[in-house]
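Understanding the architecture of this molecule
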There are 2 protein chains.
Amino acid sequence: MQINTVLKALSHPIRRDIITRLKLGPLTAGKLAAEYDVSKPTMSTHFAALKEADLIYSKREGVTITYYANLTVIEEALGSLMELMGAGNETTHSHPSNREGFISKSEKSS
Amino acid sequence: MQINTVLKALSHPIRRDIITRLKLGPLTAGKLAAEYDVSKPTMSTHFAALKEADLIYSKREGVTITYYANLTVIEEALGSLMELMGAGNETTHSHPSNREGFISKSEKSS
DNA sequence: ACAGTATTTAGCCATTTAACTAATTAGAGT
DNA sequence: ACTCTAATTAGTTAAATGGCTAAATACTGT
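These figures come from a predicted structure and were not determined experimentally.

What counts, and at which threshold
Residues numbered from 1 in each chain as written. Chains lettered and ligands numbered in written order. Predicted model: local features only at pLDDT ≥ 70, side-chain atom pairs only at ≥ 80, totals over all residues. Heavy atoms only, no water. Near = heavy atom within 4 Å. Polar contact = N/O pair within 3.5 Å; in protein donor to acceptor, adjacent residues only side chain to side chain. Helix = DSSP H or I, 4+ residues; strand = E, 2+ residues; numbered from the N terminus. Nonpolar A, V, L, I, M, F, W, Y, C, P; charged D, E, K, R; others polar. Pairing = 2+ DSSP bridges. Contact = heavy atoms within 4.5 Å. Axes fitted to C-alpha atoms, helices over the stretch in contact; angles between N-to-C directions. Salt bridge = Lys/Arg side-chain N within 4 Å of Asp/Glu carboxyl O. Buried < 20%, exposed > 50% of the residue type's maximum accessible area, 1.4 Å probe, protein only.

**Comments concerning the protein's contact with DNA strand D**
Taken together, 21 residues surround DNA strand D, and among them G30 and Y67 of chain A together with S39, T42 and H46 of chain B come closest. The sugar-phosphate portion of DNA strand D accounts for 74% of its atoms within 4 Å of the protein, the bases making up the rest. Note that a phosphate oxygen of DNA strand D is positioned 2.8 Å from one of the side-chain N or O atoms of S39 of chain B. Secondary structure elements with two or more residues in the surface near DNA strand D: α3 (29-34), α4 (40-52) and β3 (64-69) of chain A together with α4 (40-52) of chain B. For the surface near DNA strand D, the element with the highest residue contribution is α4 of chain A, accounting for four residues. When grouped by side-chain class, the residues that make up the surface near DNA strand D number nine nonpolar, nine polar and three charged.

If you want it as structure tokens, here you go:
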């Protein structure tokens, strides 16, 4: 599992939505494509990105291709994200967002 | 918290590493920049991406700028990722269902 | 005011990404 | 074999990303 590939795959709203839908159950490429306002070829490249990240897999059934959420890899990826971002060593510094000297984004162009 | 901005911010290895380091404690832009084999201006744009996602914040101390992990937002983002990818509604996928009209086509890329 | 240090902004270039249309592949039915 | 449908691949284009060097900004100390 390549964390970089997974995060790049997740960094597009359509691809995140595909994951959400497929977690509810498998869908064919055609049905999935029909849900979004982009062309089928574009959807095909989104499928490929998710497949590359191993977040989904596909099965051909006759003339149609059905996509499935790869739940084990999704769980694995979530674990890695929790390790990256989650709890641990958070006691060494406070969070003085309102302290004097804090540079906020809105304050930037003054 | 914009999930798309957060995920884009996390989709670069240097930026993920910055988060990891800052979670251990604050560091100045200079010290942080010295850790990676890219120029300081390049590091500055990485800081800006993380700041834009609100994953870090900065404080000027005289001539140096110190960066801090924004732990509350990091936790929040992790929560959203868990909601997106995590447990819940993980069907057996025993029979592909015909789900029509879940989310409208108008839900498209940002 | 001037010089020095830390950091960001500006401007530029190469690479990648996301979209499109057109063409191709794969299987089913006639 | 031919045709229809489903989906992908090929090829193109525009925009975004990530890197660089050089210049500008912001403060400190003299």
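Following the structure, the description resumes.
**Side note on the sheet that holds strand β1 (residues 27-28) of chain A**
Residue and element names in this part refer to chain A. Ordered by their spatial adjacency, three strands build an open sheet running β1-β3-β2, and the pairing between neighbours is antiparallel. Sheet topology places β1 and β2 (56-61) at the edges, where each strand pairs with a single neighbour. With two bridges joining them, β1 and β3 adopt antiparallel strand pairing. Its bridge partner lying in β3, L27 is registered against Y67. The strands touched by helix α2 (residues 13-24) are β1, β2 and β3; relative to β3, the strand with the most contacts, the crossing angle is about 90 degrees.

**As for the pattern of salt bridges**
Residue and element names in this part refer to chain A. Under the criterion given, the structure shown has five salt bridges over all chains. Here D17 and R21 are joined by a salt bridge, their closest N and O atoms 3.0 Å apart. In this pair, D17 and R21 both sit in helix α2, four residues apart, roughly one turn of the helix. Residue R21 pairs with E35 through a salt bridge whose shortest N-O separation is 3.5 Å. Here R21 is found in helix α2, whereas its partner E35 is found in the loop between α3 and α4, with 14 residues between them in sequence. The same class applies to R21 and to E35, which are both buried. Overlapping salt bridges, with partners in common, bring together D17, R21 and E35 in one network.

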